[in-house]
Amino acid sequence: MAIIKCPECGHEISDKAPFCPSCGVAIAGKVVECPKCGKVYFSELSECPQCHYKRPVADKTPIVENNNAVNTQETEKTTEVEIVGPKEVNEPKKVNNEQPVDANNPEEANDENLKTPRNSSRNNKIIIGAVVAIVAVVIGIGCYFYYSIQSDKELQAYNYAMASNDPQVLQSYLDQYSDAPEAHLDSIQSHLDLIKKTQQDWTNVMISNSKSALEDYIAQHPDSPYKAIAIHKIDSIDWQTAQQQNTVEALELYIEQHSDGEHVEDANQMINSLNSKTIQPEERLMVNSIYGGFLKSLGDKDEEALTSFVNPLLTNFLGKTNATRSDVVTFMHKIYKSDVKSMAWKSLGDYTINKKNVGANQYEYSVAFSAIQTIVGQDDNATEVRYKITSTLNNEGRISDFNMIRLAE
């Protein structure tokens, strides 16, 4: 069996198909292939319609009927019949010249009896020929519908297999439709090979359990049925890394890489927990900036700057409860005695900081550190005094409690 193109419509069909399923023209035994150019055309043509190659004409074979050889160009001959009558006279008569037969005429009756077998034989041949023709037509129609149905079933199976990622479905098609169009078989085989390679690559990735291997697999097989599993495994690997590092930076990196990840909520909870316990570098800088600015403005006698660092109402300031900003300004002027020429305050930076969560991402800081007060007298002599300061910063970054103790020399 070979796949050819229908000479009528160009549709690809089997050379054994009784009819073309596309245009219905008869195919089996009705077409030939040009030995010169390979063109398939109807055998009733004497030459190839493409290259005009004339194929040899086969000799006509005599047809044998009733064991008598009859020439293909048989001409009707008159048959002479000898009639034997009562008078023992053998008088030849030409059948073609006989008049209508009279039932009472023995000679005519005998002549009619002689002609009956030949007419009956011809009638039988006509009937048989008609029956054969009808049977051929019925068989042809049946074959057409059979091959049409088979073709439809094959096409449905092909479309179903191409849409599937199950190797068993694809292999079943190849086993069941081994005589399908070559283009279909090639497509199914290619699809099957790709699925097998995808499965092998996935097996290798699972064995390695590497994040980079999983990412490479997704890049190479974006439509793989294992893509969701690969994404899940990458998410799990990154989450495990963030948990092991247990830092705000690591957890924030996980959220950045997996904004819709499976552990985003857990990561945020851990960040809040860490933030409530751990002083981040930026928080330490904030504390140093606030207390450094407060002490500097205290030495510069800058009322406006000084009051900007304190809360309007302090729970405690140097032993006074519910102190105001005015109390802070009063303290600044009080320490500038008449014999003081200048004064400077400096933090030693030895901060001990504790934080307390007072709201959503809002914290209160308890701070303890050392500071040096340098006093220059009118006689230009400098004196240094050390203090231990304990204070509180509220969630707005202002001093809400302030106390200090002078340390012994």
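Here, the structure is the one placed above.
A brief look at the structure comes next.

Considering the overall build of the protein
The helix and strand inventory of the protein stands at 10 helices and 15 strands. Taken over 409 residues, the protein has a buried fraction of 30%. Here the contacts in the protein between residues at least 6 apart in sequence split such that 40% fall between residues at least 24 apart. On the protein, roughly 26900 Å² of surface is accessible, and the fraction owed to carbon and sulfur atoms is 51%.

Considering helix α6 (residues 248-257)
For α6, the full list of buried residues reads Val248, Ala250, Leu251, Tyr254 and Ile255. The secondary structure elements touched by the buried residues of α6 are α5 (227-245) and α7 (264-277).

A look at the packing of aromatic side chains
Counted under the stated rule, the structure contains 11 aromatic pairs. With centroids separated by 6.2 Å and ring planes inclined at 55°, the aromatic side chains of Tyr158 and Tyr173 adopt a geometry described as tilted. One end of the pair, Tyr158, is in helix α1 (residues 106-162); the other, Tyr173, is in helix α2 (residues 167-176), and 15 residues separate them in sequence. Residue classification places Tyr158 among the buried residues on the basis of a relative accessible area of 13%. Judged by its relative accessible area of 3%, Tyr173 falls in the buried class. Summarising the aromatic geometry, the rings of Phe317 and Phe331 are spaced 5.9 Å apart at their centres and angled 80° between planes, so their arrangement reads as edge-to-face. Here Phe317 is found in strand β9 (residues 313-317), whereas its partner Phe331 is found in helix α10 (residues 325-335), with 14 residues between them in sequence. These aromatic residues form a ring-pair network of at least three members: Phe294, Phe317, Phe331 and Phe402. Its end group placed over the ring of Tyr336, Lys301 keeps NZ or CZ at 4.7 Å from the ring centre. Against the face of Tyr363 rests Lys355, its NZ or CZ located 4.3 Å from the ring centre.

Here we look at the packing of α6 against α7
Axis separation between α6 and α7 bottoms out at 9 Å; the angle between their running directions is 155°. One element, α6, and the other, α7, form an angle in the roughly antiparallel class. Every pair of crossing elements has a handedness; the one defined by α6 and α7 is left-handed. Counting all contacts with α6, which are made through Val248, Leu251, Glu252, Tyr254 and Ile255, the residues of α7 involved are Val264, Ala267, Asn268, Met270, Ile271, Leu274 and Asn275. Split by residue class, the contact of α6 with α7 holds 9 nonpolar, 2 polar and 1 charged.

Digging into the packing of helix α4 (residues 211-220) against α5
In the contact formed by α4 and α5, the axes pass within 10 Å of each other and the chain directions differ by 150°. Considered as vectors, α4 and α5 are oriented roughly antiparallel to each other. Note that α4 runs across α5; the crossing there is left-handed. Facing Lys211, Leu214, Glu215 and Ile218 of α4, the residues of α5 in contact are Lys227, Ala230, Ile231, Lys233, Ile234, Ile237 and Asp238. Counted by class, the contact of α4 with α5 contains 6 nonpolar, no polar and 5 charged residues.

Brief notes about the side chain of Asp401
Mapped onto the secondary structure, Asp401 falls in strand β15 (residues 399-406). It is Lys356 that comes nearest to the buried, bridge-free Asp401 among opposite-charge side chains, at 13 Å. Within polar-contact distance, the side chain of Asp401 engages the side chain of Thr315 at 3.4 Å. In contact with Asp401, not counting residues within four places along its chain, are Leu314, Thr315, Asn316, Thr390, Ser391 and Thr392.

Examining the pattern of salt bridges
Enumeration according to the criterion identifies 7 salt bridges in this entry. Its salt-bridge partner being Lys355, residue Glu283 comes within 2.6 Å of it at the nearest N-O pair. With Glu283 in helix α8 (residues 281-300) and Lys355 in strand β12 (residues 352-359), this residue pair connects regions lying 72 residues apart in the sequence. The pair formed by Glu283 and Lys355 is uniform in burial state, with each residue classed as buried. With a closest N to O distance of 2.8 Å, Lys296 and Asp300 form a salt bridge. One end of the pair is Lys296 and the other is Asp300, both in helix α8 and 4 residues apart, which spans about a single turn.

Comments concerning a nonpolar patch on the surface
Nonpolar side chains collect at one region of the surface, where Ile127, Val131, Val135 and Ile139 lie side by side and expose about 350 Å² of accessible area between them. Among the secondary structure elements, Val131 is positioned in helix α1. Overall, the relative accessible area of 46% leaves Val131 in the partly exposed class.

Some thoughts on the pairing of strand β10 (residues 320-324)
In terms of strand pairing, β9 meets β10 through 4 bridges, oriented antiparallel. Its bridge partner being in β10, Asn316 is matched across the sheet by Thr321.

Concerning unusual backbone geometry
Comment: phi is negative for the bulk of residues other than glycine, and the bulk of peptide bonds are trans. Even without a glycine there, the phi angle at His52 is positive, about 65°. Relative to the elements of secondary structure, His52 occurs in the loop between β4 (40-42) and β5 (63-65). Backbone geometry at Asn246 places phi at a positive 55°, although glycine is not the residue there. With a relative accessible area of 39%, Asn246 lands in the partly exposed category.

Cut-offs and rules
Residues numbered from 1 in each chain as written. Predicted model: local features only at pLDDT ≥ 70, side-chain atom pairs only at ≥ 80, totals over all residues. Heavy atoms only, no water. Helix = DSSP H or I, 4+ residues; strand = E, 2+ residues; numbered from the N terminus. Buried < 20%, exposed > 50% of the residue type's maximum accessible area, 1.4 Å probe, protein only. Contact = heavy atoms within 4.5 Å. Areas by Shrake-Rupley, 256 points an atom, 1.4 Å probe, with all protein chains shown as cover. Phe/Tyr/Trp six-rings, centres within 6.5 Å; stacked < 30°, edge-to-face > 60°. Lys NZ or Arg CZ within 6 Å of the ring centre and 35° of its normal. Axes fitted to C-alpha atoms, helices over the stretch in contact; angles between N-to-C directions. Parallel < 35°, antiparallel > 145°, perpendicular 65-115°, else oblique. Left-handed = near helix turned anticlockwise from the far one by under 90°. Nonpolar A, V, L, I, M, F, W, Y, C, P; charged D, E, K, R; others polar. Lys, Arg positive; Asp, Glu negative; His and termini not counted. Salt bridge = Lys/Arg side-chain N within 4 Å of Asp/Glu carboxyl O. Polar contact = N/O pair within 3.5 Å; in protein donor to acceptor, adjacent residues only side chain to side chain. Patch = residues over 30% accessible without salt bridge, like charges linked within 9 Å, V, L, I, M, F, W, Y side chains within 5 Å. Pairing = 2+ DSSP bridges.

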